[in-house]
Amino acid sequence: MMKTGIIGLGFIGPAHMEALLRTGLSQIVAVADTNEQLARSCAAKFNVPEVYSDYRQLLQNPEINVVHICTPNYLHYEIAKAALEAGKHVVCEKPLAICSKQAEELMRLAEEKGLTGVTSFNLRYYPLVQQAREMVQTGKLGRLYAYHGSYLQDWLLYDTDYSWRLDSKVSGPSRAVADIGSHWFDMACFITGSRVTELCADLSTFLPVRKKSRTQCLTFQTPQSANDPMEYEEIAIDTEDFATILFRMENGIRGSLTISQVSAGRKNFLQFEADGAESALSWNSEQPNRLWIGHRDQCNEEMIKDPGLLQGQARKFASYPGGHAEGFPDTSKQLLEQVYSYLAEDGRRHGIKPQFPTFADGWQEARLCEAILESSQQRRWVQL
Ligand code: SOE
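Bear in mind the structure is a predicted one, so any value in this text is a computation, not a measurement. (Residues numbered from 1 in each chain as written. Predicted model: local features only at pLDDT ≥ 70, side-chain atom pairs only at ≥ 80, totals over all residues. Heavy atoms only, no water.)

**Comments concerning the site of the ligand**
In the vicinity of the ligand there are 14 residues, among which K94, Q153, R165, D179 and H183 approach most closely. At 2.5 Å, a side-chain N or O of D179 approaches an oxygen atom of the ligand. H183 places a polar side-chain atom, nitrogen or oxygen, 2.9 Å from an oxygen atom of the ligand. In isolation the ligand exposes 310 Å². Once the protein is present, 95% of that is buried. The greatest single-element share of the shell around the ligand, amounting to three residues, is contributed by helix α8 (residues 176–192). Looking at the shell around the ligand residue by residue, the class counts come to six nonpolar, five polar and three charged. (Near = heavy atom within 4 Å. Polar contact = N/O pair within 3.5 Å; in protein donor to acceptor, adjacent residues only side chain to side chain. Areas by Shrake-Rupley, 256 points an atom, 1.4 Å probe, with all protein chains shown as cover. Helix = DSSP H or I, 4+ residues; strand = E, 2+ residues; numbered from the N terminus. Nonpolar A, V, L, I, M, F, W, Y, C, P; charged D, E, K, R; others polar.)

Below, the structure is given as structure tokens:
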């Protein structure tokens with residue numbers, strides 16, 4: 001049984017813990033967070049024996065084989081590097097790092113140490129996203145002409161909406177693109193089996209000044225004091241709320257993407273449409289158990305998530321019968337089940353290629369983010 005330590009206990013850290021416990025493939029033996037009270041309450045809730053306020057202490061625990069990094073983005077590189085140096089496998093939240101140089105260094109260090117580095121692109125693991133990949137990869141759509149869509153949220157619509165993600169020193173030089181565009185592009189490459197080769201991007205910051213509440217709040221939480229004028233300070237914002245991107249992929253595929261964290265009514269609306277010579281597919285993460293299949297010469301179809309209808313490898317990623325919805329929490333469970341099974345079977349030593357997103361995928365995303373920032377700043381197409 002693997003032994004795991006979780007670093008960072010805000011929004012996504014506990015989500016990793018719940019998902020990992022559901023796999024039954026690991027024991028969580030330690031948690032770490034600079035907020036000691038948060039760490040202790042989380043440890044009590046999940047019955048975790050060791051609590052640290054400094055991640056370095058957790059990394060010295062010889063019992064731990066795998067470390068999950070769920071901290072703000074700017075810490076990912078230093079913690080992942082220290083964990084690899086300490087001989088631990090790493091599951092790191094996206095984005096892997098705040099620049100491609102750091103991401104590439106982590107990818108090479110994991111290789112050099114013979115360790116496994118995972119980038120947590122969990123949204124690939126919705127059963128019908130896996131089904132979409134199966135259908136595209138087995139030619140059901142015919143030659144793929146276009147892949148397009150959006151990832152829309154509204155949790156940063158108001159100038160009183162604030163989180164660490166708005167501080168570029170903590171979140172990195174890109175916000176909406178690195179935070180949610182990374183998920184969308186990872187899914188696009190996963191389904192199409194193609195990489196982005198060039199792009200043209202236009203980024204916008206609609207709210208150049210925001211009001212930061214003095215009450216610390218987590219992602220998606222609205223601070224109590226947001227409307228009290230005495231309770232906030234004004235902060236200049238230098239990262240994007242919104243992006244529109246044209247792109248080209250290998251195999252001649254054309255694409256477009258809209259990314260927004262200021263689209264009222266869209267909570268976590270990741271949507272794609274794949275247009276092929278024979279048929280098309282469309283899916284969105286707010287109705288993840290439905291897959292639209294478009295036809296020219298017959299009625300369109302809508303597939304409901306049902307293990308008995310899933311094809312090939314997709315069948316592995318549905319745990320419940322048709323009609324029992326599988327959603328966001330299940331995606332992390334499926335990802336971690338694939339990762340920890342690979343680690344338990346020592347897949348690396350047996351030369352098995354990981355089927356889950358690795359540090360190499362995290363590096364590709366970092367390169368993409370930098371190309372998007374460059375294209376928008378220079379208002380031109382950028383090659384990758
Ligand atoms: C905030 O935009 C966020 O929590 C992202 O960081 C996650 O990756 C996404 O799944 C939900 O929204």
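**Quick word on the pairing of strand β12 (residues 254–260)**
In regular strands, side chains alternate between the two faces of the sheet. Pairing geometry for strand β7 (residues 144–152) and β12, over seven bridges, is parallel. Considered in β12, the bridge of Y151 is made with I259. As paired elements, strand β11 (residues 242–249) and β12 share seven bridges and run antiparallel to each other. Considered in β12, the bridge of R248 is made with R254. Taking the residues between adjacent antiparallel strands as the criterion, β11 and β12 are bridged by four residues, where N251 takes a positive phi near 65 degrees. (Pairing = 2+ DSSP bridges.)

**Observations regarding the sheet that holds strand β1 (residues 2–7)**
The strand order β3-β2-β1-β4-β5-β6 describes an open sheet built from six strands, whose pairing is parallel. Each edge of the open sheet carries a strand with a single partner, namely β3 (50–52) and β6 (117–119). Averaged over all pairs of adjacent strands, the angle between their axes in this sheet comes to 20 degrees, without regard to strand direction. Note that β1 and strand β2 (residues 26–32) share six bridges and pair parallel. Within the sheet, the bridge partner assigned to K3 lies in β2 and is Q27. On the sheet, helix α2 (residues 36–46) packs against β2 and β3 and is oriented at approximately 165 degrees with respect to β3. (Axes fitted to C-alpha atoms, helices over the stretch in contact; angles between N-to-C directions. Contact = heavy atoms within 4.5 Å.)

**Considerations on the packing of helix α6 (residues 127–137) against α8**
Following both chains from N to C, one finds α6 and α8 inclined at 40 degrees, their axes separated by 7 Å at the closest point. Classified by the angle between their axes, α6 and α8 sit oblique to one another. Residues V129, Q130, A132, R133, V136 and Q137 of α6 form the contact with α8, whose participating residues are M187, F190, I191 and T192. For the contact of α6 with α8, a count of residues per class yields six nonpolar, three polar and one charged. (Parallel < 35°, antiparallel > 145°, perpendicular 65-115°, else oblique.)

**Points about helix α9 (residues 328–344)**
For α9, spanning 17 residues, the distance from its first C-alpha to its last is 25 Å, which sits close to the expected 24 Å at 1.5 Å a residue. Judged by how many residues are buried, α9 sits mostly within the fold: twelve of 17 residues are covered. Where α9 is buried, its residues touch β1, α1 (12–23), β2, β4 (66–69), β5 (89–92) and β6. D346 sits one or two positions beyond α9 and adopts a positive phi of about 50 degrees. (Expected span 1.5 Å × (residues − 1). Buried < 20%, exposed > 50% of the residue type's maximum accessible area, 1.4 Å probe, protein only.)

**Quick word on the sheet that holds strand β17 (residues 382–383)**
Read from one edge to the other, the open sheet built from nine strands follows the order β16-β15-β14-β13-β7-β12-β11-β8-β17, with strand pairing classed as mixed. Edge positions in the sheet fall to β16 (301–304) and β17, since each of these pairs with one other strand and no more. As paired strands, strand β15 (residues 290–294) and β16 are joined by four bridges and run antiparallel to one another. In the sheet register, L291 faces β16, and the bridge partner there is M303. Sitting on the sheet, α8 is in contact with β7, β8 (196–204), β11, β12, β13 (269–276) and β14 (280–284), with an inclination near 150 degrees to β7.

**Observations regarding the domain arrangement of the chain**
According to the domain assignment, the chain contains domain 1 (2–123 + 335–356) and domain 2 (125–325 + 365–383). For domain 1 versus domain 2, the distance between C-alpha centres works out to 24 Å. Taken together, the contact pairs 20 residues of domain 1 with 27 residues of domain 2. Each partner contributes to the roughly 2000 Å² buried at the junction of domain 1 and domain 2, and carbon and sulfur atoms together form 60% of this total. Between domain 1 and domain 2 we count one salt bridge in total. A salt bridge links K94 to D179; its shortest N-O distance comes to 2.8 Å. Between domain 1 and domain 2 we count eight residue pairs in polar contact (both at pLDDT 80 or more) in total. Sorting the residues of the side of domain 1 that touches domain 2 by element identifies α5 (100–113) and α9 as the ones contributing at least two each. Taken together, the residues that form the side of domain 1 that touches domain 2 break down as eleven nonpolar, seven polar and two charged. (Domains from an automatic or database assignment. Buried area = accessible area lost by both parts, 1.4 Å probe. Salt bridge = Lys/Arg side-chain N within 4 Å of Asp/Glu carboxyl O.)

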